[in-house]
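Each chain, written out:
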Amino acid sequence: MKIDVLTLFPEMFLPVIGGSILGRAAEKGIVEIALTDIRDFSNDKHNKADDYPFGGGGGMVMMADPVFGALESVCAQDRKVIYMSPRGKVLDQKKISELSRLDSFVVLCGHYEGMDQRVLDHWDAEEISIGDYVLTGGELPAMVLIDSVVRLLPDVLGNENSALEESIYSGLLEHPQYTKPREYRGMEVPEVLLSGNHQNIALWKFRESLLLTKRRRPDMFEAFVKENHDFSKKEREIVEEIMKIEV
């Protein structure tokens, strides 16, 4: 997969894309993340890429010309363009999965008070947000999007089941996790996880995910229950049990 990132601050990305899972994915040739500095395409002698908005208002707006130049340099006309924006649709797992199936895409990072609308209209950019709050720029949201997409690519995670087993993919929050030692400061690992009985372990994880989701994200819990799931008899019993619990 090829991901082009267009930004005013490419240096912000270097520690992220060069380390951990993203760095290893790049070393394996699974993903290529290329950074383009929008200022390089400014016609201003000071590499200015923003100006005051027409109609007045506070702050500055990113100018169309340098952004057009940056997009043309990565052949964005033949690719999906994503603009990280607080007014976009909030990123969710469905969109992440959709993007992970692409061969390439372009991420455009806004800054200041936003982007000249003509850029978004001409390049048919899809606006995506990571939440209902405003940051100083699109760089951090872009990192979130890239990390969430790349980890779904084949052979990126050490254990391919990691992505599949996380309960967010089935509409539930993830169950509690434990590791060594078995006892720590008087707190013990649940006995079922040490039993070796894989069926009981799976049912325990399912129950804990349901209960945690109902307590913390009742909206997700209700949506999960309403879906048509091919539950086993024991799973159905657990669902009915959790539905009766007052939280």
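Please refer to the structure higher up on the page.
Okay, so let's go over this structure. Worth saying up front: this structure is predicted, and the values here are computed from it rather than measured. (Residues numbered from 1 in each chain as written. Predicted model: local features only at pLDDT ≥ 70, side-chain atom pairs only at ≥ 80, totals over all residues. Heavy atoms only, no water.)

### Considerations on the overall build of the protein chain
(1) Moving on: In terms of helices and strands, the protein chain carries 10 helices and nine strands.
(2) Moving on: The dimensions of the protein chain, computed from C-alpha atoms along their principal axes, are 70 × 40 × 40 Å.
(3) Moving on: Within the protein chain, residue pairs in contact and separated by at least 24 positions form 76% of the contacts whose partners lie at least 6 positions apart.
(4) Moving on: Approximately 14700 Å² of the protein chain is accessible, and the part contributed by carbon and sulfur atoms is 50%.
(5) Moving on: A distance of 6 Å separates the average location of the 29 positive side-chain charges in the protein chain from that of its 42 negative side-chain charges. (Helix = DSSP H or I, 4+ residues; strand = E, 2+ residues; numbered from the N terminus. Contact = heavy atoms within 4.5 Å. Areas by Shrake-Rupley, 256 points an atom, 1.4 Å probe, with all protein chains shown as cover. Lys, Arg positive; Asp, Glu negative; His and termini not counted. Charge placed at Lys NZ, Arg CZ, Asp CG, Glu CD.)

### Section: the nonpolar core
(1) Moving on: Formed by 27 residues in total, the largest nonpolar core has its most connected members in Ile3, Val31, Phe105, Leu145, Ile146 and Val150.
(2) Moving on: Breaking this core down by element, the ones donating at least two residues are strand E1 (2–7), helix H2 (20–27), strand E5 (80–90), helix H4 (93–100), strand E6 (104–109) and helix H6 (139–150).
(3) Moving on: Here this core takes six residues from H6, the largest share from any one element.
(4) Moving on: Look past the residues within four positions of Phe105 in its chain and what remains in contact with it is Met1, Lys2, Ile3, Asp4, Arg79, Lys80, Ile82, Leu99, Leu145 and Val149.
(5) Moving on: Counting residues in each nonpolar core, the second largest holds 21 residues, with Leu6, Ile38, Val74 and Leu108 among its members. (Core = buried A, V, L, I, M, F, W, Y, C linked by side-chain atoms within 4.5 Å. Buried < 20%, exposed > 50% of the residue type's maximum accessible area, 1.4 Å probe, protein only.)

### Focus on the packing of H4 against H6
(1) Moving on: The N-to-C vectors of H4 and H6 enclose an angle of 70°; their axes lie 9 Å apart at closest approach. For the element pair H4 / H6, the angle class is roughly perpendicular. When you trace H4 past H6, the crossing you get is right-handed. Residues Ile96, Leu99 and Ser100 of H4 touch H6, and the partners they reach there are Leu145, Ser148 and Val149. (Axes fitted to C-alpha atoms, helices over the stretch in contact; angles between N-to-C directions. Parallel < 35°, antiparallel > 145°, perpendicular 65-115°, else oblique. Left-handed = near helix turned anticlockwise from the far one by under 90°.)

### Focus on the pattern of salt bridges
(1) Moving on: Summed over the entire model, instances satisfying the criterion amount to 11 salt bridges.
(2) Moving on: Linking Arg79 and Asp4 is a salt bridge whose minimum nitrogen-to-oxygen distance equals 2.8 Å. You can see Arg79 sitting in the loop between helix H3 (64–73) and E5 and its partner Asp4 sitting in strand E1, a full 75 residues away along the chain.
(3) Moving on: For Glu126, the salt bridge goes to Lys80, with nearest N and O atoms at 2.6 Å. In this pair, Glu126 sits in strand E7 (residues 126–129) while Lys80 sits in strand E5, placing the two residues 46 residues apart along the sequence.
(4) Moving on: For Lys80, a relative accessible area of 26% puts it in the partly exposed group. (Salt bridge = Lys/Arg side-chain N within 4 Å of Asp/Glu carboxyl O.)

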